[in-house]
Structure formats: C-alpha cells, structure tokens
Amino acid sequence: MGQGKLFYRWLFYALAALLGLALQSLLLNRLRLWGVHPFLPPVLVAVAAAWEDRQESLCAAAVLGLLCDLLFSPVVPCFYVLTFAAAAFLTGLISKHLIVPGFFCALVASAAAVALSGLLHALFLTFRGVADPAAAASILGRELVLTLPLVPLVYLLYRPIHRRFAAD
C-alpha cells in the first residue's frame, strides 16, 4: 500500500474516532443507567484493530489513549495509553489467530477491550483502597451491558473506511 493511501486511511479512522469521542463526551457521559454509562473508546480501538495491521493499530490505540487521558480523568497517568495499546495487541491476536475479522470478531474484541479497561481500572482502584473488588466487578458487568450494543454503530462507521482502503 502506498504512503498516501496509508495516510488517508488512518486520517479517516482518526476523524471517525474523534466523532466517537465527541459522542462519548457530549452524550454518553450524560447517559446513566444502573449508575454507569457506556464507554465507547475501547470499542473504537478494538474495531479498528480487528481489521488493521498490528503496528499501525498499536500506534493508533496509543494516540487515542493519549486523547482519552487528556479528556477524561484517568486513575493513573497514561492509563488509557497503556490500556488501549494492550487492547489493540489483544485484538490483533484475536483477529489473526482465533476469529476471522468481521462483525463477530469486532464484537468479541470489543468485549475483551472493555473488560480489559474495566479490570485494569478496578485493579488500580482496589490497590489504592478506593474500591471493593466485588463492586468493581459489578460496575464492569453493567458497563459491558451498556457498551456492547454500541459495537454495531462503530462497526458501521469503520467498515467503509476499511473497505475503501483495504490492501490491494
């Protein structure tokens, strides 16, 4: 793939991710059900990483993580950078070795990314003595239930980008 095509592919992914972050900040953060709200950024990472090259996905995940570290209050510095990079790596393993890239792969990878983010968040809060492990697990479950229905939205947002710029 040429450098120009690579640049435009990730530019459109970045614009779509910014749209997702705007949706998170302007709407989803205000939507509370069962005491939690959906958290879209791990899904943005997982769906792109399910289709794309591992190195490129890791870089994109780290950049999105940096934006989330700046926009949202992380439990520790660089939390989202490291969490999203790990989620992109995990998604790469899933999509290259376990499940053929497509909607089901994106759904499984998104569930894994949201769970990883929630588990690491709970782990840090538990070690700081702020949260009880049982309460953290409950929060993670509720967040998964609210976030996973948004996977088709992200999938439909990213699919035209992937199809347009798929490697020839």
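Computed from a prediction, not measured in an experiment: that's the story for all the values here. (Residues numbered from 1 in each chain as written. Predicted model: local features only at pLDDT ≥ 70, side-chain atom pairs only at ≥ 80, totals over all residues. Heavy atoms only, no water.)

## A look at the nonpolar core
And step 1. In this structure, V47, F84 and Y158 are the most contacted members of the largest nonpolar core, which totals 41 residues.
And step 2. Broken down by secondary-structure element, the contributors of at least two residues to this core are helix 1 (3–26), helix 2 (41–51), helix 3 (54–71), helix 4 (79–98), helix 5 (103–127), helix 6 (133–147) and helix 7 (151–164). (Core = buried A, V, L, I, M, F, W, Y, C linked by side-chain atoms within 4.5 Å. Buried < 20%, exposed > 50% of the residue type's maximum accessible area, 1.4 Å probe, protein only. Helix = DSSP H or I, 4+ residues; strand = E, 2+ residues; numbered from the N terminus.)

## Examining the environment of F84
And step 1. Mapped onto the elements of the fold, F84 is located in helix 4.
And step 2. Between the C-alpha atoms of F84 and L157, which are 73 residues apart in sequence, the distance is 19 Å.
And step 3. When near neighbours in sequence (up to four residues on either side) are disregarded, F84 contacts F39, P41, P42, V45, A61, L64, G65 and C68. (Contact = heavy atoms within 4.5 Å.)

## Observations regarding helix 6
Three or four residues apart is the spacing at which side chains of an α-helix point the same way, because the helix has 3.6 residues per turn.
And step 1. Compared with the 21 Å implied by 1.5 Å per residue over 15 residues, the 21 Å span of helix 6 between its first and last C-alpha is a close match.
And step 2. Burial in helix 6 covers these residues: A136, L140, E143, L144, L146 and T147. One side of helix 6 carries all its buried residues, which in axial view fall inside an arc of 165°.
And step 3. For helix 6, the secondary structure elements touched by its buried residues are helix 2, helix 5 and helix 7. (Expected span 1.5 Å × (residues − 1). Arc of directions from axis to C-beta.)

## Quick look at the side chain of H162
And step 1. You can see H162 is positioned in helix 7.
And step 2. Within the structure, the side chain of H162 is placed 3.2 Å from the side chain of E52, a separation counted as a polar contact.
And step 3. Look past the residues within four positions of H162 in its chain and what remains in contact with it is Y13, W51 and E52. (Polar contact = N/O pair within 3.5 Å; in protein donor to acceptor, adjacent residues only side chain to side chain.)

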